[in-house]
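Each chain, written out:
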Amino acid sequence: MEKIKITILTFCILLCCACDSDKNKVKIQEVTDMFVSAINAKDKATIYSIYPNAKNINNMSLPDSIQKGDITIEKNDSVSYIVSIANARMQKLVFEVKSENEVVLNDTYSVLELDSASLELAIQTGVPVKEISDLNVSKLLDVEGDYIEFLKKTHADEIQGSLVRENGTWTAQRAYGGNVTVTQAIRNVGTVPIKGSEYNVEFTFYSPNGTSNAHLKKVENGVDLEPNEATTFYLYPGNGYVEACYEHDFNWNVSFVYKNQPPISSLLNKAKLKGTEYEEYVKSKESDETKHGTDSKNPYAWLKERLATENDLIGRTKEDIKIMRNTIFAMHGYIFKSQDVKEYFSKKSWYKPQKEDVNSELSAIENKNIQFLKSHE
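Residues numbered from 1 in each chain as written. Predicted model: local features only at pLDDT ≥ 70, side-chain atom pairs only at ≥ 80, totals over all residues. Heavy atoms only, no water.

Caption draft 1: Representation of the overall build of the protein in the model. Per the secondary structure count, the protein includes 12 helices and 12 strands. Expressed as lengths along the three principal axes of its C-alpha atoms, the size of the protein is roughly 120 × 55 × 35 Å. The buried share of the protein, taken over its 377 residues, is 42%. For the protein, contacts bridging at least 24 residues in sequence account for 63% of all contacts bridging at least 6. When the accessible surface of the protein is summed, it comes to about 20600 Å², and 50% of that surface belongs to carbon and sulfur atoms. Positive and negative side-chain charges of the protein, numbering 45 and 54 respectively, have mean locations separated by a distance of 3 Å. (Helix = DSSP H or I, 4+ residues; strand = E, 2+ residues; numbered from the N terminus. Buried < 20%, exposed > 50% of the residue type's maximum accessible area, 1.4 Å probe, protein only. Contact = heavy atoms within 4.5 Å. Areas by Shrake-Rupley, 256 points an atom, 1.4 Å probe, with all protein chains shown as cover. Lys, Arg positive; Asp, Glu negative; His and termini not counted. Charge placed at Lys NZ, Arg CZ, Asp CG, Glu CD.)

Written as structure tokens, this is what we have:
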């Protein structure tokens, strides 16, 4: 009799769980239908009420419509669900269940659209846009973000023309009120042409030891230069520097002020993109994480010491995030059942598979990181 009671009780619990799950899926289906209908009707008020993040993204916009496709709803973890739309763009919506009657759309994949320049840059640098959430794609291609800064540094010689100062000379004479002439050459040592409209040259004349009190800045317009081509400027800083020249106490600085160069368009127009930049960027981030981590062999060792944030996921694909999450289990020696994950960690010298269950060993930080990462896969 006791066994029958336990069986009935277990069945009721499972039934209740199933009902709750069905209720969640029904609600998510309703909100998904509303969201898709609002986009197709260009009803921004409804779109933003369902997905407020959509209006805070600078380089992405709402699509004209969402292509038709079968919709499937899968539970991702205890609070989140993934809605997949089987269309050409493989669009996904990530919902979080807040309460019995409230679900929130937290993120999307391939729903929002990049502006044409950002999309072209992403394609040419090898960014797997469809595998990264829209929020993270937006952060990745922010003109002030780490990735664009990485691209600017990588292709600095090309996008700035690599202007350099060459040897300069001066002549001075006291006659006829005094006169100083400066001859200064600059050269484009880069591999692409640079237009004069894209830069100015600033000359700052001074007397290092104070023979002359004069301090003069002259700004000259740039000159069109092909790769390895040079041009010479002839400048007349005035008679205030005559005595300084005769005392060999005269010098000048040369600086280049680049202008009218929006980073993304400049990269597209001038940089010789290889298509491997994104991969190199991810590797450089992992290298930085290794340097600052607690385990020189494990770039994600920090996941056991602090909570992961959205910034930690910028530029990460779903596969990257999956590896991050499973790294937490790997650090405890978990024996993976999934073949692809098992093969990945088997190549890591720090991984020692010993246990079939490590849940009791996980810290509060690790558990929160697992939930956080799982919701972004």
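Caption draft 2: Inspection of the environment of Tyr-246 at higher detail. Within the element layout of this structure, Tyr-246 appears in helix 7 (residues 242-246). Tyr-246 gets classed as partly exposed once you look at its relative accessible area, which sits at 36%. It is 72 Å that separates the C-alpha atoms of Tyr-246 and Phe-345, two residues lying 99 residues apart in sequence. Apart from residues no more than four positions distant in its own chain, Tyr-246 is found in contact with Ala-172, Gln-173 and Arg-174.

Caption draft 3: Region of interest: the pairing of strand 11 (residues 230-235). Side chains Thr-231, Phe-233 and Leu-235 of strand 11 all project onto a buried face; the interleaved residues Ala-230, Thr-232 and Tyr-234 project onto a face where none is buried. The pairing of strand 8 (residues 179-188) with strand 11 spans six bridges and is antiparallel. Bridging across to strand 11, Ile-186 finds its partner in Thr-231. (Pairing = 2+ DSSP bridges.)

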